[in-house]
Amino acid sequence: MKIPVENIVELTVEHQFLQAYPILSQLRSDLTLMEYLELLNDMRKEGKQLFALYHDTSIVALAGISWREDSYNERYVYVQDLVTDVNHRPSGLGYSLLSYINNWAKEHGAEYITLES
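An account of the accompanying structure is given in this report.

What counts, and at which threshold
- Residues numbered from 1 in each chain as written.
- Predicted model: local features only at pLDDT ≥ 70, side-chain atom pairs only at ≥ 80, totals over all residues.
- Heavy atoms only, no water.
- Salt bridge = Lys/Arg side-chain N within 4 Å of Asp/Glu carboxyl O.
- Helix = DSSP H or I, 4+ residues; strand = E, 2+ residues; numbered from the N terminus.
- Buried < 20%, exposed > 50% of the residue type's maximum accessible area, 1.4 Å probe, protein only.

Describing the pattern of salt bridges
All told, the structure shown has two salt bridges when counted by the stated rule. Across the salt bridge formed by Asp 81 and Arg 28, the nearest N and O atoms sit 2.3 Å from each other. Here the residue Asp 81 occupies a position in strand β4 (residues 75–84), and Arg 28 occupies one in the loop between α1 (14–27) and α2 (33–45), the gap between them amounting to 53 residues. Under the relative-accessibility criterion, Asp 81 is labelled buried at 8%. By relative accessible area, which is 35% here, Arg 28 ends up partly exposed. The shortest N-O distance in the salt bridge between Lys 48 and Asp 81 comes to 3.0 Å. A residue pair is termed long-range when its members are at least 10 positions apart, and Lys 48 in the loop between α2 and β2 (49–55) and Asp 81 in strand β4 qualify at 33 residues. Neither Lys 48 nor Asp 81 differs from the other in exposure class; each is buried.

Structural data, given as structure tokens:
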């Protein structure tokens, strides 16, 4: 029996962004591929980052984040999009990705994270 390999990475190159589109389109079904790439380009200029949980070689969960600051001057990570592939719900993979982002954010100076999905 083959044990699946799970890995969480920040997406940084175009082929990864293209792999992420089918997952994100499950959350944003009205977003075409062209609109997604244009939006992604604009959002990356503003500092938004995408993290993906891979199951073997396929993305099965995705989260978009950005850094924010609240009225108390505390930096935090805002999770805008969190989606798990419909074929992998409810498996805990979204929770695994969110836990990873929480730990990553704290290691990078965030006071807390907040989620909107």
